[in-house]
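# Reading the structure
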Amino acid sequence: MPESMMQPDLQDVAPVQGVRASALARWQERGWPGPKAEAWRFTRLASLDKLSLRPADASLSAGMQDIAAAGMPAAAHVIRFHHGVLVDASLQGAPDGVTLRRLDEAGLTQMLDLLPADHPVTDLSMAAMTSGLLVDVAAGAKVTTPIILMFTGDSEAVSTHPVVLLRVGAAAHAVVADWHQSAVGLSAPLLGIDIADKARLDYAKIQSDGAATTHLAATGIKMGENAVLDGFQLSVGGCLARLEAHVELAAESSDCRLSAIYLGRNSQHHDITTNMTHAFGHCQSNQIIRGVLDDSARGVFQGKVHVAQDAQKTDGQQMSRALLLSRKAEADAKPELEIYADDVICAHGATVGELDETQLFYLTSRGISRDVARAMLISAFLDDAVDMIENADLAALLRPIVTDWMQAQKRNDA
Amino acid sequence: MTPLLEIKDLHATVADTPILKGINLTINHGEIHAIMGPNGSGKSTMSYVLSGRDGYEVTGGDVLLNGESILEMEADERARAGMFLAFQYPVELPGVAGMSFLRAAVNARRLDQGEDEIDQLEFVKMVRAKAKDLSINDEMLKRAVNVGFSGGEKKRYEILQMALLEPQLAVLDETDSGLDVDALKIVSEGVNMLRDAQRSMLVITHYQRLLNHIVPDYVHILANGKIRRSGGKELALEVEESGYAGIDDAA
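Residues numbered from 1 in each chain as written. Chains lettered and ligands numbered in written order. Predicted model: local features only at pLDDT ≥ 70, side-chain atom pairs only at ≥ 80, totals over all residues. Heavy atoms only, no water.

## Focus: the overall build of chain B
Definition in use: Every helix listed is a DSSP run of H or I at least four residues long, and every strand listed is a run of E at least two residues long, numbered separately from the N terminus. With C-alpha atoms as the basis for the radius of gyration, the globule rule is written as 2.2 Å multiplied by the number of residues raised to the power 0.38. To sort residues, take the accessible area from a 1.4 Å probe on protein chains only and compare it with the maximum for the residue type: under 20% means buried, over 50% means exposed, and anything in between is partly exposed. For this analysis, residues touch if any pair of their heavy atoms sits within 4.5 Å. Values of accessible area rely on a 1.4 Å probe in the Shrake-Rupley scheme; residue burial ignores everything except the protein chains shown. We score Asp and Glu as negative and Lys and Arg as positive, and we do not count His or the chain ends. Just so you know, the charge point we use is NZ for Lys, CZ for Arg, CG for Asp and CD for Glu.
Across its full length, chain B holds 9 helices and 12 strands. Against the globule reference of 18 Å for 251 residues, chain B gives a C-alpha radius of gyration of 18 Å, in line with a compact fold. With the C-alpha coordinates aligned to their principal axes, the bounding extent of chain B is approximately 55 × 40 × 35 Å. A buried classification covers 53% of the 251 residues belonging to chain B. For chain B, the share of sequence-separated contacts (at least 6 apart) that also reach a separation of at least 24 residues comes to 69%. Put simply, chain B shows about 11,000 Å² of open surface, and 47% of that area lies on carbon and sulfur atoms. Where the 26 positive side-chain charges of chain B centre and where its 39 negative ones centre are 4 Å apart.

Written out as structure tokens, the structure is:
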């Protein structure tokens, strides 16, 4: 064991079998990455050692509150996890074409295949899984009713490890929101997404966990031929958050858009890490990352685009921009291109800057107050990314959260 | 009657370098004053000092608008008090939709004066009507502020803002720069339509040609941080013929 006080404490977790047992063995052997792990250079997990966490169980589900959220589409099917534990009633009433059931060993094996391998979050949450769910969208089904995975919780003594496998069948269409608003010690969700040939998924993740929550997510996505992902991640909550997504473009002509916004204030730390693997040719990937950081908040974007030797005619784009509103805020970007094919269009860029004083003066010279002028410029900066979201229901979920964050900004400044 | 604007022995520095070295100027309601001067004379600095831009430090003197000092006021407060600056180089705001920008500016002024926010439909109608006078089409109104505008379009858009905000004092900073003859005509006609007995203007220009279109009541020659000569509109013609050489010594 690498650490004597490794958090969370898995001593009392019921014995596990199969792939979960191997994950537990790997976790116990390796634990959290040490100070020299390159992939975690900008995001240190030392603060976890100070906590005393145990994985949540169903005994905590009493006292669950109803959820009210702005912009929630009326017709959505909401699947609830409280403290990472699936609420049984959520399995009822799924939209036509969608099957919901608990994950079995075959599903867990597929999860492991999708998720980042040799990864501490993968291994920990497979081992300590609080609930496993399979969402199956039948081949050819067009499900435009949004499916909302809603994660809540209010006990900071626990860690949560929900595991969700989402399979979008051939030529099917699904709209899924993945919304985390838990106030727990550690929120460590695993999500595997398999998008079959000619299928389309509109996906939005919202991380608006509690102010004391550490959110460490591992997501694995595999895309078939002519598959489309319109994906977006928003990280606004938590004290330390890392949203890590690995995508494999595993057949020709798929189109993957995976943009992200992070908004940080106080001493928040947001990390967006992506790993885009173009294994086959004629695929496109496009990532627009925007961060806004105030106070002494810190933002990290690590984006790797790997283009295999045979992946000719690849178009891989990645652009990260961070806006610092305070002298103590800090942003790091590590874009990486690994290209082995010769006929590709790939570009990446990363900038870090402040609000433009000339633009602020232009706005204020028209009588607009400095606070409103700042909000207008921040909003313009973020719209670039938010406007990428094609699904109106998902955009409507995200926008109020971004707006609320900026309203709080104005109150802070006042 | 209290003058609209009184500039009294105004001194200002930029990055610790003295640029304005004792400006005195009084503008009454309804008057148009032109400030002419060579490059580096302090013309643009004067426009920024009046409108309250950060980095332009007043080291002496005072500026009174309707009898009250504005030096402690921020740029947005001055604008709501009735000042308007037409920029020499209007600023592009990518991602800021033109109509919401114009509405934010109009509403800021209205709320300050205790009025309600303007009705959306009424606002669109008003913008369209004023835009038409300046040959600004709907497509231009839909774009982000100044983004993708030609030089002439940017200047017309400045005048549109002036028409919507109805300032008491408009400072036009080199509004003629970068304009061809046709664009100059449109912009000048737009400005002339806004002339009235209550509105005053300070027209800053390097060349006399703008003053053929916007005819001033008074002309002042600024050189090396001070007004060296003042006169009627004929002074502009005199400068056009003999140039700025020797003006420094004329004070």
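## Observations regarding the overall build of chain A
Across its full length, chain A holds 6 helices and 22 strands. Against the globule reference of 22 Å for 414 residues, chain A gives a C-alpha radius of gyration of 21 Å, in line with a compact fold. Considering chain A as a whole, with its 414 residues, one finds that 58% of them fall into the buried category. Partitioning the contacts of chain A with sequence separation of at least 6, the portion at a separation of at least 24 is 86%. Taken as a whole, chain A presents about 15,800 Å² of accessible surface, with 48% of it coming from carbon and sulfur. Within chain A, one finds 34 positive and 51 negative side-chain charges whose respective centroids are separated by 4 Å.

## Here we look at the environment of A:Thr351
Considering the arrangement of structural elements, one finds A:Thr351 in strand 22 (residues 345-354). When the C-alpha positions of A:Thr351 and A:Ser320 are compared, they lie 6.4 Å apart, and in sequence the two are 31 residues distant.

## What to know about the packing of helix 1 (residues 18-30) of chain A against helix 2 (residues 105-114) of chain A
All names here are of chain A. What counts here: Inter-axis angles, ranging from 0 to 180 degrees, are taken between N-to-C directions of lines fitted to C-alpha atoms, where helices are fitted over the stretch in contact. Convention used here: angles under 35 degrees read as roughly parallel, angles over 145 as roughly antiparallel, angles from 65 to 115 as roughly perpendicular, and any remaining angle as oblique. When residues are sorted by character, Ala, Val, Leu, Ile, Met, Phe, Trp, Tyr, Cys and Pro go into the nonpolar class, Asp, Glu, Lys and Arg into the charged class, and all the rest, Gly among them, into the polar class.
Taken N-terminus to C-terminus, the directions of helix 1 and helix 2 make an angle of 40°; their axes are 8 Å apart at the nearest point. If you check the angle between helix 1 and helix 2, you find them oblique. Between helix 1 and helix 2, the contacting residues are Gly18, Val19, Arg20 and Arg26 on the first element and Glu105, Leu108, Thr109 and Leu112 on the second. Among the residues forming the contact of helix 1 with helix 2, the class breakdown is 3 nonpolar, 2 polar and 3 charged.

## Some words on the interface of chain B and chain A
Just so we agree on the cut-off: Once two parts are brought into contact, the accessible area they lose, counted with a 1.4 Å probe and summed over both, makes up the buried area. For this document, the term salt bridge refers to a Lys or Arg side-chain nitrogen within 4 Å of an Asp or Glu carboxyl oxygen. Under this definition, polar contacts are N or O atom pairs within 3.5 Å; protein pairs additionally need one hydrogen-donor-capable and one acceptor-capable atom, and for neighbouring residues in sequence, both atoms have to be side-chain atoms.
The interface of chain B with chain A comprises 30 residues on the first partner and 16 residues on the second. Interface area for chain B against chain A, summed over the two sides, is near 1,800 Å², with a carbon-plus-sulfur share of 68%. There are 1 salt bridge connecting chain B and chain A. Across the pair A:Arg366 and B:Glu158 runs a salt bridge whose closest N-O atoms are separated by 2.7 Å. The interface formed by chain B and chain A contains 10 residue pairs in polar contact (both at pLDDT 80 or more). Secondary structure elements with two or more residues in the side of chain B that touches chain A: helix 1 (43-51), helix 2 (75-80), strand 6 (83-86), strand 7 (93-97), helix 3 (98-112) and helix 6 (151-165) of chain B. The element that contributes the greatest number of residues to the side of chain B that touches chain A is helix 3 of chain B, accounting for 5 residues.

## Quick look at the sheet that holds strand 11 (residues 218-223) of chain B
Residue and element names in this part refer to chain B. Operational definition: In this description, strands pair whenever DSSP reports at least two bridges between them.
Strand order across the open sheet formed by 6 strands is 6-9-10-3-11-12, with mixed pairing between neighbours. Both edges of this open sheet fall to strand 6 and strand 12 (226-231), since each of them pairs with a single strand only. Across the sheet, the axes of successive neighbouring strands diverge by a mean angle of 20°, strand direction being ignored. Taken strand by strand, helix 6 contacts strand 6, strand 9 (169-173) and strand 10 (200-205), and its axis lies near 170° from that of strand 6.

## Description of the side chain of B:Thr205
Along the chain, B:Thr205 falls in strand 10. A polar contact of 3.0 Å, which involves the side chain of B:Thr205, links it to the backbone oxygen of B:Tyr207.

## Considerations on the packing of aromatic side chains
What counts, and what does not: Aromatic contacts are taken between Phe, Tyr and Trp rings whose centres are within 6.5 Å, Trp giving its six-membered ring; a plane angle under 30 degrees counts as stacked, one over 60 as edge-to-face, and the others as tilted. The rule for a charge over a ring is simple: NZ of Lys or CZ of Arg within 6 Å of the ring centre, and within 35 degrees of the ring normal.
Counting across every chain of the model gives 8 aromatic pairs over all chains. Centroid distance A:Trp27 to A:Trp32: 5.0 Å. Interplanar angle 80°. Geometry classified as edge-to-face. On the basis of relative accessible area, A:Trp32 is assigned to the buried category, the value being 12%. Ring pairing ties together the aromatic residues A:Phe361, A:Tyr362, B:Tyr48, B:Tyr56, B:Phe87 and B:Phe101, which thus form one cluster. If you follow A:Arg265 out to its NZ or CZ, it ends over the ring of A:Trp405, 4.3 Å from the centre. Its end group placed over the ring of A:Tyr362, A:Arg366 keeps NZ or CZ at 4.8 Å from the ring centre.

## Regarding the pairing of strand 13 (residues 214-223) of chain A
All names here are of chain A. Among the 10 residues in strand 13, 9 count as buried, and that is most of the element. Two elements, strand 11 (residues 190-195) and strand 13, share 6 bridges in a ladder whose sense is parallel. The partner of Leu191 across the bridge, within strand 13, is Thr219. In terms of strand pairing, strand 13 meets strand 15 (residues 240-249) through 10 bridges, oriented parallel. Bridge assignment links Ala218 to a residue of strand 15, and that residue is Glu244.

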